[in-house]
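# Report on the structure
Chain residues, written in single-letter form:
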Amino acid sequence: IDIADCTVTFEYFSTVRFKRGCPAGKKAYYELTIRTPLKEPQIGFATSQLESNELPSGDGVGDNEKSWGVDGERCKKWHPDNEDKYSAKWSVGDVIGLAWDGVERQILVSVNGDFTSPNGVQFQLDPAVAALYHPPRSLCDVLY
């Protein structure tokens, strides 16, 4: 982590999770700028029950029932039993925005501020999903 440059280098599906979540009925948003070519990025949101691993596990955001991710390199949505494609292709310089809508229970994606298709709503969440969501980011070998 380079605080002065506001960058993080990821390896082996490293995951960063913010300390604070978003309570039920609220909204949250974060964004990242892609500064180098991507390799298997999975960015999104997770419940507070997502366990962290200190050792590499090969799991990224969306690889389990407690998280949801999108991938603009492989053009895929990540969550168990989800075979949906994510049609946007990300490039160096793009600003990727992730929004959690706790009112409508949706996860939305923007690219360079654009929420129109193929971006916009990517996941409609079940009402039984836990209340707190933390925005994790898993990127393999990426500096952004």
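Everything that follows concerns the structure shown earlier in this document.
A brief structural summary. (Residues numbered from 1 in each chain as written. Predicted model: local features only at pLDDT ≥ 70, side-chain atom pairs only at ≥ 80, totals over all residues. Heavy atoms only, no water.)

### Let's talk about the overall build of the protein chain
A count of helical and extended segments in the protein chain gives 0 helices and 10 strands. For the protein chain, the succession of helices and strands along the chain, N to C, is β-β-β-β-β-β-β-β-β-β. A buried classification covers 45% of the 144 residues belonging to the protein chain. Across the protein chain, every contact between residues at least 6 apart in sequence was considered, and the portion connecting residues at least 24 apart equals 62%. A total of about 7,800 Å² of accessible surface is found on the protein chain, and carbon and sulfur atoms cover 51% of it. (Helix = DSSP H or I, 4+ residues; strand = E, 2+ residues; numbered from the N terminus. Buried < 20%, exposed > 50% of the residue type's maximum accessible area, 1.4 Å probe, protein only. Contact = heavy atoms within 4.5 Å. Areas by Shrake-Rupley, 256 points an atom, 1.4 Å probe, with all protein chains shown as cover.)

### Structural notes on the nonpolar core
Ile 43, Val 70, Tyr 86, Trp 90, Ile 96, Leu 98 and Ile 107 are the most contacted members of the largest nonpolar core, which totals 20 residues. Beyond its immediate chain neighbours, meaning those up to four positions away, Trp 90 contacts Ile 34, Leu 38, Pro 41, Ile 43, Val 70, Asp 71, Gly 72, Ile 96 and Val 111. (Core = buried A, V, L, I, M, F, W, Y, C linked by side-chain atoms within 4.5 Å.)

### Looking at the pattern of salt bridges
Taken as a whole and judged by the stated rule, the model has 2 salt bridges. In this structure, Asp 71 and Arg 74 form a salt bridge, with 2.4 Å as the shortest nitrogen-oxygen distance. (Salt bridge = Lys/Arg side-chain N within 4 Å of Asp/Glu carboxyl O.)

### Quick word on a negative patch on the surface
Negative charge collects at one region of the surface, where Glu 65, Asp 81, Glu 83 and Asp 84 lie side by side. Here Asp 81 is to be found in the loop between β5 (76-78) and β6 (95-101). The class of Asp 81 is exposed, set by a relative accessible area of 78%. (Patch = residues over 30% accessible without salt bridge, like charges linked within 9 Å, V, L, I, M, F, W, Y side chains within 5 Å. Lys, Arg positive; Asp, Glu negative; His and termini not counted. Charge placed at Lys NZ, Arg CZ, Asp CG, Glu CD.)

### With respect to the sheet that holds β6
Strands pair in a sheet through their backbones, by hydrogen bonds, and they do so in one of two ways: parallel or antiparallel. In spatial order, the strands read β2-β6-β7-β8; together these 4 strands make up an open sheet with antiparallel pairing. Where the open sheet ends on each side, the last strands, each with one partner, are β2 (27-33) and β8 (120-124). Averaged over all neighbouring strand pairs, the angle between strand axes comes to 20°, with direction disregarded. Here strand β7 (residues 106-111) pairs with β8 via 4 bridges, running antiparallel. Its bridge partner being in β8, Val 109 is matched across the sheet by Gly 120. (Pairing = 2+ DSSP bridges. Axes fitted to C-alpha atoms, helices over the stretch in contact; angles between N-to-C directions.)

### Here we look at the pairing of strand β3 (residues 42-47)
Where burial is concerned, most of β3 is hidden: 6 out of the 6 residues are buried. As defined by bridge partners, β3 adjoins strand β4 (residues 67-71) across 4 bridges and the pair is classed as antiparallel. Across the sheet, residue Phe 45 finds its bridge partner in β4, namely Trp 68.

### Description of the packing of aromatic side chains
Centre-to-centre distance and the angle between the planes together describe a pair of aromatic rings. Taken as a whole and assessed by the stated rule, the structure comprises 2 aromatic pairs. For the pair Tyr 30 and Phe 45, a centre-to-centre distance of 5.6 Å together with 70° between the ring planes defines the contact as edge-to-face. Of this pair, Tyr 30 sits in strand β2 while Phe 45 sits in strand β3; the two residues are 15 residues apart in sequence, bridging distant segments of the chain. In this pair, the class of Tyr 30 matches that of Phe 45, namely buried. Ring plane angle 65° and centroid distance 5.8 Å describe the contact between Tyr 86 and Trp 90, whose orientation is recorded as edge-to-face. For the pair Tyr 86 and Trp 90, a shared accessibility class is recorded, and that class is buried. Sitting over the face of the ring of Trp 78, Lys 76 holds its NZ or CZ atom 4.6 Å from the ring centroid. Its guanidinium or amino end placed over the ring of Phe 123, Lys 77 lies 6.0 Å from that ring's centre, counting from NZ or CZ. (Phe/Tyr/Trp six-rings, centres within 6.5 Å; stacked < 30°, edge-to-face > 60°. Lys NZ or Arg CZ within 6 Å of the ring centre and 35° of its normal.)

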